[in-house]
Amino acid sequence: QVQLVVSGGGVVQPGRSLRLSCAASGFTLSTYGLHWVRQAPGKGLEWVAVISSGGSNEYFADSVKGRFTIPRDNSKNTLYLQMNSLRAEDTAVYYCASQYSSGASWGALDVWGQGTTVTVSS
Amino acid sequence: DIQMTQSPSSLSASVGDRVTITCRASQRISIYLNWYQQKPGRAPKLLIYAASSLQSGVPSRFSGSGSGTDFALTISSLQPEDFATYFCQQSYSTVWTFGQGTKVEIK
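Conventions we followed
- Residues numbered from 1 in each chain as written.
- Chains lettered and ligands numbered in written order.
- Predicted model: local features only at pLDDT ≥ 70, side-chain atom pairs only at ≥ 80, totals over all residues.
- Heavy atoms only, no water.
- Disulfide = S-S within 2.5 Å.
- Helix = DSSP H or I, 4+ residues; strand = E, 2+ residues; numbered from the N terminus.
- Contact = heavy atoms within 4.5 Å.
- Polar contact = N/O pair within 3.5 Å; in protein donor to acceptor, adjacent residues only side chain to side chain.
- Pairing = 2+ DSSP bridges.
- Axes fitted to C-alpha atoms, helices over the stretch in contact; angles between N-to-C directions.
- Buried area = accessible area lost by both parts, 1.4 Å probe.
- Salt bridge = Lys/Arg side-chain N within 4 Å of Asp/Glu carboxyl O.
- Nonpolar A, V, L, I, M, F, W, Y, C, P; charged D, E, K, R; others polar.

The next thing to look at is the state of the cysteines. Residues and elements named next belong to chain A. Tallied over the entire structure, the rule returns two disulfides over all chains. Paired by a disulfide, C22 and C96 hold their sulfur atoms 2.0 Å apart. Here the disulfide of C22 and C96 is right-handed, its torsion about the S-S bond being about 65 degrees. Of this pair, C22 sits in strand 3 (residues 18-25) while C96 sits in strand 10 (residues 92-98), and the two are 74 residues apart along the sequence.

Here it is, written out as structure tokens:
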């Protein structure tokens, strides 16, 4: 069964760091484009970042550029979101998602993790 | 960045109604447009990719159309399980963006 499991959320103070994990089962993460998407409380979806299949390209939303990175551990089949210099506006549910099947070449995200909540507050 | 504007932001409809949600891109995006459904507390679910291709397992009452800058998602006969929030998403540029969402509520 193809699945993504997200973990690592919590409450963190402004300016601190947090790392989220996205573990894959049923498929090899490095073969697919992988994304982070977030949703602030009561708001819509915001695309955060992508790492391409093979890992050669990474792109970030302007709101997180320079603060967030997306390392990947192929041996653990796990993607991470390293979040530094966190701000109150980073408070959200964070999802990882994959371009997996027939729509992948069109940028469709068809496998999603369950999400983890990050709260940035003093 | 490419801005995606959905309309309406919300709508009320009855079971059996035909519902159309539109999405406009701030620049031409070919057919790099996908639609998602999200229910409260759940991750989004892919409905339509490449503007008009139905994702496997999605009921045929859902359809998508459009190209360039103007797109639409149509539900031909609204069912109780369709009450949710719908988002469009462009994947034309290296920085992807979502529309602000359309909440479909029960009349």
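So, about the environment of V104 of chain B. Considering the arrangement of structural elements, one finds V104 of chain B in strand 11 (residues 102-106). With residues up to four places along the chain from it excluded, the contact list for V104 of chain B reads L11, I21, L78, D82, F83, A84 and Y86 of chain B.

Residues and elements named next belong to chain B. Within the secondary structure, Q90 sits in strand 9 (residues 85-90). For Q90, the side chain forms a polar contact with the main-chain nitrogen of Y92, separated by 2.8 Å. Within the structure, Q90 has its side chain in polar contact with the side chain of S93 (distance 3.2 Å). Those residues in contact with Q90, other than ones at most four positions away along the chain, are I2, M4, I29, Y32, L33, V95, W96 and T97.

Moving on: the sheet that holds strand 7 (residues 62-67) of chain B. All names here are of chain B. On the basis of which strands lie adjacent, the open sheet formed by four strands has the order 1-3-8-7 and antiparallel pairing. Here the strands that pair on one side only, and so sit at the sheet edges, are strand 1 (4-7) and strand 7. When strand polarity is set aside, the average angle formed by the axes of neighbouring strands in this sheet is 15 degrees. Here six bridges tie strand 3 (residues 19-25) to strand 8 (residues 70-75), and the two strands are oriented antiparallel to one another. By the bridge assignment, T20 is partnered in strand 8 with T74.

Here we come to the interface of chain A and chain B. In many reports, interface size means the accessible area that the parts give up when they come together. Counting residues at the interface gives 25 residues for chain A, matched by 21 residues for chain B. For the chain A and chain B pair, buried surface summed over both sides reaches about 1,800 Å², with 67% attributable to carbon and sulfur atoms. The largest contributions to the chain A side of the interface with chain B come from L45, W47 and W106 of chain A, which together make up 38% of the buried area. At the junction of chain A with chain B, the criterion picks out zero salt bridges. On the surface where chain A and chain B come into contact, there are seven residue pairs in polar contact (both at pLDDT 80 or more). With four residues, strand 5 (residues 45-51) of chain A is the single largest residue contributor to the side of chain A that touches chain B. Taken together, the residues that form the side of chain A that touches chain B break down as 12 nonpolar, 10 polar and three charged.

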